[in-house]
Amino acid sequence: MAVQGILPSWSTALKRFAVLAAMALSFLPIFWLLSTSIKPHEEWAAFPPVWVTTQPTLQNYRIVFAPESAREFAATQSGSLDYKVAGSAWKAFGDSALISTAATFLSVLFGTLAAYSISRFGTGGSTYPLQLLSLRMFPPIAVVVPMVALFSLLKLTDTYLGLIIAYTAFTLPFSIWMVRSFIDEVPTELEGAAMVHGLTQFQAFLRVTLPLVRGGILATALFVFILNWSEFLFALTLTSGHVTTVTVQVAKYVSASSGTLYGVQAAMGAISTLPVIAFGYLIQRHLVRGLTFGTVKQA
Amino acid sequence: MSTIYPESLMPELAPPESRPPRLPLGIALILPAQLTLLLVVLAPTLIILWLCVTDWQPTSGTAWHAAEYIGFYNFQDLFYDRRFTDALLRTILVVLVCVGLEFLIALGLALLFLDDWPWRRLAIGVLILPMMVIPVDAANAFFMLFNDHGPVNHVITIVLGRPFTYAWLADPDWALVPIVLAEVWQWTPLMFLLVLAGLTNLPRNQVRAAVSLGASPARILFRIMLPLAAPVLILALLIRGIETFKIFDSIYILTRGGPGAATESLSIFMYNGAFVYFRIGYIAAAALLVLVAVILFCIPLDRLRRRHGG
């Protein structure tokens, strides 16, 4: 690389050591989550803390997923733990999967159509894409307050449809910008050639452009799915028990005032974040493009 | 249009009636997205304009559209609410500290990755792990790391040589530290990737020329590389600044804004006001102020963009 050698070469070992230290710090919180998730109950809050348990157990995962294990555990504890450990995380995973998938589908579908329209017709004028982007600047909580009122009017509070609509709208700017950056890379000449052969513009879009940006659309879908799966604020404020997402379930276990369920909350944390980490690495190349709205491509 | 071929040939080859008019297709394609955004963005904004001049509380039993009109009392109240102004200033402080730390660490790391070495890709793969984690789970992990019996206190115990079981999250003066660290841990990787992209996509001839002319590394970095990468670096700072301004998930999990109101950000202040104290009208007024502030912030940005030609 061209810039090789701008740092003195004697420091190579030091540089590698710095990189290793940064890698260790990046991994430490994940390590702690995983390590705590397999600790037996006695080691959850021991001091000095147990870094790697010698008696690994799956009990914490059983408490998360199986209501009878949770009840057994709650019976051995003093106080009213039942409300926190009762119920199975399967419901949260199911609800999150359903809502995230549906919202991702709608967001990418609407986003792709809009992106094509903006890219090829300049619909909405030259400032329209930037207006979309500015929507991402509003703190969601400012929109949530009136949305609670709107949803109560439309009977959408605590429903799947309500969250799907909210998630679709709030990932649309990402979908539009990211897909647009892929469509912009396809030369218009290709569609022009197809139209010379008698296709309408919409047919040319479907048969020529769409297949060429298929990979980009898939990356966008995975990216939007990660955003939906990770979303917390809407799930917290627009539901009240009937619909539960994994993020709300995690928060339920942590509950700042009496967080003594370390093993259980670590198990729930580890299992809820694993799918999105896997998806994240699948689209590693496109992550930067997504998080910068298609403006920066990864080196 | 640089494409002479399709533009000039098409009208003769394709009969005009088989070509659908251009504008309607463009509008038809954008309609589903536009309608969704109108429902979820415009409608709530209109509702805010009504709610902020009422004292609506969902617990009082009246419907929001029948709430009592109280004029601009909410805004007057906000103006004298120390909790609101404190939350605003605290949010700005968190943005400056987090984005500053993220940028410095990211720049330092990116400089280590400019040349090629055997396990470079693996190292990048591990370094970007934090940004893949669900924010709620990142906060969950930091909640355990900074517990009074957690590993952070264990390390401090070993360094000090005496037991150290400090309850970080229960101390109004120090509870922001784990919050800031969780945020920096999670988002430095994105900053790192952006800075790295900015520095490696530079035109190389200028750097090569400077190296061959014997310029010092520091001079090359500050006089050539950083100025050339400035657009990407500014974009990175802007994106992270805007995202950090909305900070909610990590504070909710770690402290819920407590102890007292010592760690309340603007978002947490509004959440507590609306969903703990149920003062929706009052919070709607705060939300309106934030929306106006964001729009005022966007206008100079748009000017800047136009001056630089998009």
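Up top is the structure these notes are about.
The rules behind each value
Sequence order as written defines the numbering, with residues in each chain counted from 1. Throughout, the order in which chains and ligands are written sets their labels, letters from A for the former and numbers from 1 for the latter. Predicted model: local features are reported for residues with pLDDT of at least 70 only, side-chain atom pairs are reported and counted for 80 or more only, and whole-chain, interface and lining totals are derived from all residues. A run of H or I in DSSP becomes a helix once it reaches four residues, and a run of E becomes a strand once it reaches two; helices and strands are each numbered from the N terminus. Neighbour density around each residue's C-beta defines its exposure: 20 or more other C-beta atoms within 10 Å make it buried, 12 or fewer make it exposed, and counts between make it partly exposed, where C-beta atoms are placed from the backbone. For every residue pair, C-beta atoms are placed from the backbone, and the pair is scored as a contact if these atoms sit within 7 Å.

S.K.: Could you clarify how one ought to interpret the overall build of chain A in this entry?
M.R.: Scanning chain A from N- to C-terminus turns up 15 helices and 0 strands. Looking at the 299 residues of chain A, the share that counts as buried comes to 48%. For chain A, the proportion of contacts with a sequence separation of at least 24, taken over those separated by at least 6, is 70%.

S.K.: For this particular structure, what's the right way to read the environment of A:Phe151?
M.R.: Residues and elements named next belong to chain A. For Phe151, the location among the structural elements is in helix α7 (residues 140-154). Taking the C-alpha atoms as reference points, Phe151 and Gly162, 11 residues apart in sequence, are found 7.3 Å from one another. Apart from residues no more than four positions distant in its own chain, Phe151 is found in contact with Leu156, Thr157, Gly162 and Leu238.

S.K.: Please explain the interface of chain A and chain B as it appears in this structure.
M.R.: When the parts come together, some accessible area is lost, and that loss is often what is quoted as the size of the interface. Taken together, the contact pairs 92 residues of chain A with 100 residues of chain B. Element by element, the count of residues in the side of chain A that touches chain B is highest for helix α1 (residues 12-37) of chain A, at 12 residues.

S.K.: So what exactly am I meant to see when it comes to unusual backbone geometry here?
M.R.: Glycine aside, the phi torsion of most residues is negative, and most peptide linkages are trans. With phi around 60 degrees, A:Lys155 is a residue other than glycine that occupies positive phi space. By the secondary structure assignment, A:Lys155 is in the loop between α7 and α8 (160-183). Of note, B:Phe278 is a non-glycine position whose phi angle comes to about 60 degrees, a positive value. Tracing the sequence through the fold places B:Phe278 in the loop between α13 (266-275) and α14 (280-307).

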